[in-house]
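Observations on chain architecture
These are the residues of each chain, in order.
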Amino acid sequence: MNEQLQEIFKESFGLESLEDSMSIETVEGWDSMAHVGLMMALQQHFGVVITPAQAIELTDVASIKIFLKQQGKG
Amino acid sequence: MSIEEIIARARHSGSWLAHRQAAGELRVLFSQGKASCRSRARIAFLSSFTIEPLVDYIMVEAAGEGIALETYTADYGQFNQEVLDPASRLYQHNPEITVLAVEYESIAGAGANLITPVAEKTIIHHLISLAEAFKKNNTGILIVNTFINMPRWPLHILSDDSVPMIRQINQKILQIFAEDAQIQVCDLDELAAYYGYSRAMSAEMLHMARIPFSEGFLSLSSRKLISYLRAHLGLIRKCLVLDCDNTLWGGIIGEDGMDGIQLGPDTPGREYLDFQKTILELFGQGVILAINSKNNYDDVMKVIREHPHMLLREQHFAGMQINWDPKPVNMKRLAEEINIGLDSFVFVDDSPAEREMMRQMLPEVLTLEMSANPSLYSGTLRETNVFARAYLTEEDRQRGQIYAAQRQRTELQESVSSLEEFLTSLEMVVSIRLAKDSDIKRAAQLTQRTNQFNLTTRRYTETDISSMLTDDGWRIYVLSLKDKFGDNGTVGLAIIECKEDTWRIDTFLMSCRVIGRQVEDAFVNYILSEAKNCGVRQVKSEYIPTKKNKLVADFWERMNFELKAGDEKTSRRIFGISEFIPVEFTYLVFENSDRNIKD
């Protein structure tokens with residue numbers, strides 16, 4: 001999972017490495033608009049469903065990892 | 001990272017997020033002046049929903065076409081204010097192209113009852129008033145989109161009442177702006193239908209971020225909008241160059257013979273017939289056709305002349321290179337023969353090796369990626385946007401024929417012994433007159449597309465031309481030419497700024513296909529005689545060098561315009577009317593050249 005996630009972040013924000021503390025507050029380019037794209041990308045890559053209510057919560061790498069584990073993708 | 005790498009990465013992913021990232025990087029490169037693009041354009045977006053994703057896709061697609069975009073995106077829902085306020089940021093951006101993409105609810109009002117004639121009137125009336133306000137404040141093009149008319153209950157038996165209503169509104173939108181040069185309608189509904197409504201629209205994106213479209217449809221609609229941009233910037237490709245074996249017919253003529261190749265109404269063979277039909281449609285839209293084939297000339301010509309099911313015949317081709325030389329070599333010959341640039345060519349060949357060679361040797365040529373299945377050839381051609389025109393003039397419709405006739409002229413030229421004999425045998429009839437309203441489109445088009453025989457290469461829009469026509473300080477002359485092979489249409493243009501005793505030739509250009517026939521000399525002579533009739537003392541001319549117009553570097557000198565001391569660098573010249581002697585042109589017949597003074 002980590003590798004795929006890293007690939008998505010690299011493609012989307014040009015990040016070479018991924019840390020759990022990274023969030024919508026700290027990553028350049030990860031704004032509310034890009035967030036929607038990120039949610040779409042997660043759904044496509046991992047085959048998960050993210051509802052609008054969940055999307056609001058998934059604003060840092062740690063939360064995304066926990067969410068994906070819960071969905072059985074970890 | 002280079003522009004090419006940025007674009008390739010976004011296209012590889014296809015996702016909006018990757019396009020968003022790429023668009024951001026491109027903006028940085030463009031603003032720092034680190035990337036060179038062949039064109040620039042300012043574009044603005046007004047919408048009732050989140051349109052940023054579409055802007056991201058367009059940014060990347062445009063860069064792929066060599067166009068650096070400066071974009072302005074109004075906050076969503078602000079489209080009325082932006083259009084109506086003359087001091088808005090929209091008008092400060094001064095866009096050449098503005099895209100208006102709104103949902104019908106945003107105009108009719110949320111929850112509005114759409115099933116009344118009142119709704120139709122309200123919406124149409126609103127769009128017209130927006131268009132009028134826009135035209136007062138901006139000279140660029142406004143693209144108005146039709147409303148997407150997705151059926152709400154696709155499997156129900158009774159149709160949803162809103163569907164016929166919106167269909168009617170869309171028809172109305174297409175009608176009311178049809179004749180307006182500044183407002184162009186993009187039939188977004190048609191595009192969504194083509195793509196499939198249920199694939200085009202995304203409820204997920206809509207609910208999360210007020211983006212109604214799926215990523216696939218964002219990509220497709222961005223390519224549609226690029227068509228408008230291309231047409232506006234004059235970046236349309238002109239000529240389709242075709243291979244023969246396994247492209248126009250199945251099999252190899254040199255081995256299978258006339259009876260062995262597959263072409264006709266039966267299977268196999270109908271897929272090639274279908275492809276030829278598609279090519280003929282393009283020909284009807286003014287696309288020039290040519291052949292580039294590794295074959296014995298006589299074998300191919302026999303098929304073109306005698307095969308009962310060939311749709312494409314000799315009169316459709318402006319150039320035919322059929323021999324055993326490498327195809328890039330033949331491509332250069334075609335460019336010379338037809339007299340257009342390599343960057344006007346689109347190449348179609350079934351062989352991946354030939355395609356690869358063309359891409360490597362001549363990257364300016366657009367080599368289409370073709371399916372291994374000939375049934376899909378037509379579809380590939382139909383999904384290109386490189387031939388897309390914003391309108392068709394009479395010259396456009398006939399262009400294919402005009403160029404094919406040119407090939408026959410060249411053959412005649414080779415068969416006669418002297419230039420004089422050739423020019424006489426052409427039986428040319430020239431008409432020169434002041435431009436009228438009906439010439440506006442063609443005149444603008446000539447300024448935008450003519451590169452080689454163009455003394456100043458000033459590009460004008462239809463709005464520019466139109467305002468010069470109504471301004472007493474300007475004169476626009478158009479020249480048309482007929483000969484025994486057909487009507488060449490309007491092929492010459494001169495735009496002159498007229499002051500009391502001085503005329504300044506702002507623009508002087510000729511379509512390349514008619515130069516070298518003394519027509520340009522006659523055109524200058526005509527203008528000078530007009531100047532004399534108007535009591536003008538001197539006529540000023542100018543040559544602005546570009547990469548493509550070396551052909552005319554000494555034109556004004558040849559026409560006896562004199563260089564004034566100190567003007568060597570600017571290449572400005574002057575002709576004193578007292579020196580004017582009318583010239584007789586023995587090979588030209590003049591017809592309806594009106595010498596009326598402009599009132």
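Here is what the cut-offs are and how they apply
Residues numbered from 1 in each chain as written. Chains lettered and ligands numbered in written order. Predicted model: local features only at pLDDT ≥ 70, side-chain atom pairs only at ≥ 80, totals over all residues. Heavy atoms only, no water. Phe/Tyr/Trp six-rings, centres within 6.5 Å; stacked < 30°, edge-to-face > 60°. Helix = DSSP H or I, 4+ residues; strand = E, 2+ residues; numbered from the N terminus. Buried < 20%, exposed > 50% of the residue type's maximum accessible area, 1.4 Å probe, protein only. Pairing = 2+ DSSP bridges. Right-handed = clockwise from strand over helix to strand, strands pointing away. Contact = heavy atoms within 4.5 Å. Buried area = accessible area lost by both parts, 1.4 Å probe. Salt bridge = Lys/Arg side-chain N within 4 Å of Asp/Glu carboxyl O. Polar contact = N/O pair within 3.5 Å; in protein donor to acceptor, adjacent residues only side chain to side chain. Nonpolar A, V, L, I, M, F, W, Y, C, P; charged D, E, K, R; others polar. Axes fitted to C-alpha atoms, helices over the stretch in contact; angles between N-to-C directions. Parallel < 35°, antiparallel > 145°, perpendicular 65-115°, else oblique.

1. Observations regarding the packing of aromatic side chains
Residues and elements named next belong to chain B. Scanning the entire structure with this criterion turns up 19 aromatic pairs over all chains. Centroid distance Phe 49 to Phe 213: 5.6 Å. Interplanar angle 80°. Geometry classified as edge-to-face. Here the residue Phe 49 occupies a position in the loop between strand E1 (39-47) and helix H3 (52-64), and Phe 213 occupies one in the loop between helix H11 (203-209) and helix H12 (215-233), the gap between them amounting to 164 residues. A single burial state applies to Phe 49 and to Phe 213, both of which are buried. Taken together, a centroid distance of 5.1 Å and an interplanar angle of 40° make the contact between Phe 508 and Phe 523 tilted.

2. Some points on the pairing of E1(B)
Residue and element names in this part refer to chain B. E1 sits mainly inside the fold: seven of its nine residues count as buried. Relative to strand E2 (residues 67-73), E1 runs parallel, the two sharing seven bridges. The partner of Arg 40 across the bridge, within E2, is Ala 68. Where the polypeptide runs from E1 across H3 and back to E2, its parallel neighbour, the crossover connection is right-handed.

3. So, the interface of chain A and chain B
Listed per partner, the contact involves 17 residues of chain A and 16 residues of chain B. Summing both sides of the interface, chain A and chain B together bury roughly 1,400 Å²; the carbon and sulfur share of this comes to 66%. Counting every contact that joins chain A to chain B gives one salt bridge. Close ionic contact of B:Arg20 with A:Asp31 constitutes a salt bridge, the shortest N to O distance being 2.6 Å. Counting every contact that joins chain A to chain B gives four residue pairs in polar contact (both at pLDDT 80 or more). Elements represented by at least two residues in the side of chain A that touches chain B include exactly helix H1 (2-13), helix H2 (32-46) and helix H3 (52-57) of chain A. The element that contributes the greatest number of residues to the side of chain A that touches chain B is H2(A), accounting for nine residues. For the side of chain A that touches chain B, the per-class residue count stands at nine nonpolar, six polar and two charged.

4. Looking at the sheet that holds strand E14 (residues 502-510) of chain B
Backbone-to-backbone hydrogen bonds join strands into a sheet, with any given pair of strands oriented parallel or antiparallel. Residues and elements named next belong to chain B. Taking strand neighbours across the sheet as the criterion, the eight strands line up as E16-E17-E15-E14-E13-E12-E11-E18 in an open arrangement whose pairing is mixed. Two strands lie at the open edges of the sheet, namely strand E16 (562-563) and strand E18 (588-590), each paired on one side alone. Sheet analysis places strand E13 (residues 486-498) next to E14, joined by seven bridges and oriented antiparallel. Bridging from a neighbouring strand, Leu 493 pairs with Leu 509 of E14. Along the sheet, helix H19 (residues 394-415) contacts strand E12 (474-483) and E13; its crossing angle with E13, the most-contacted strand, is approximately 110°.

5. A look at the packing of H19(B) against helix H21 (residues 440-449) of chain B
Residue and element names in this part refer to chain B. Between H19 and H21, the shortest axis-to-axis distance is 10 Å and the interhelical angle comes to 55°. Taken together, H19 and H21 sit at an angle that is classed as oblique. When H19 is examined against H21, the residues Glu 395, Asp 396 and Arg 399 are found in contact with a partner set consisting of Arg 442, Gln 445 and Arg 449. When grouped by side-chain class, the residues that make up the contact of H19 with H21 number no nonpolar, one polar and five charged.

6. Some words on unusual backbone geometry
Excluding glycine, residues mostly have negative phi values, and the peptide bonds linking residues are mostly trans. Residues and elements named next belong to chain B. Here Thr 267 and Pro 268 are connected by a cis peptide whose omega angle stands at -10°. Relative to the helices and strands, Pro 268 resides in the loop between helix H13 (253-260) and helix H14 (270-284). One non-glycine residue, Arg 210, lies in positive phi territory at about 55°. Here Arg 210 is to be found in the loop between H11 and H12. Taking the relative accessible area as the measure of exposure, Arg 210 reaches 30% and is therefore partly exposed. One non-glycine residue, Asn 560, lies in positive phi territory at about 70°. By secondary structure assignment, the location of Asn 560 is in the loop between helix H24 (555-558) and E16. Exposure remark for Asn 560: the relative accessible area of 55% places this residue in the exposed category.

Limitation: the analysis is restricted to geometry and does not speak to function.
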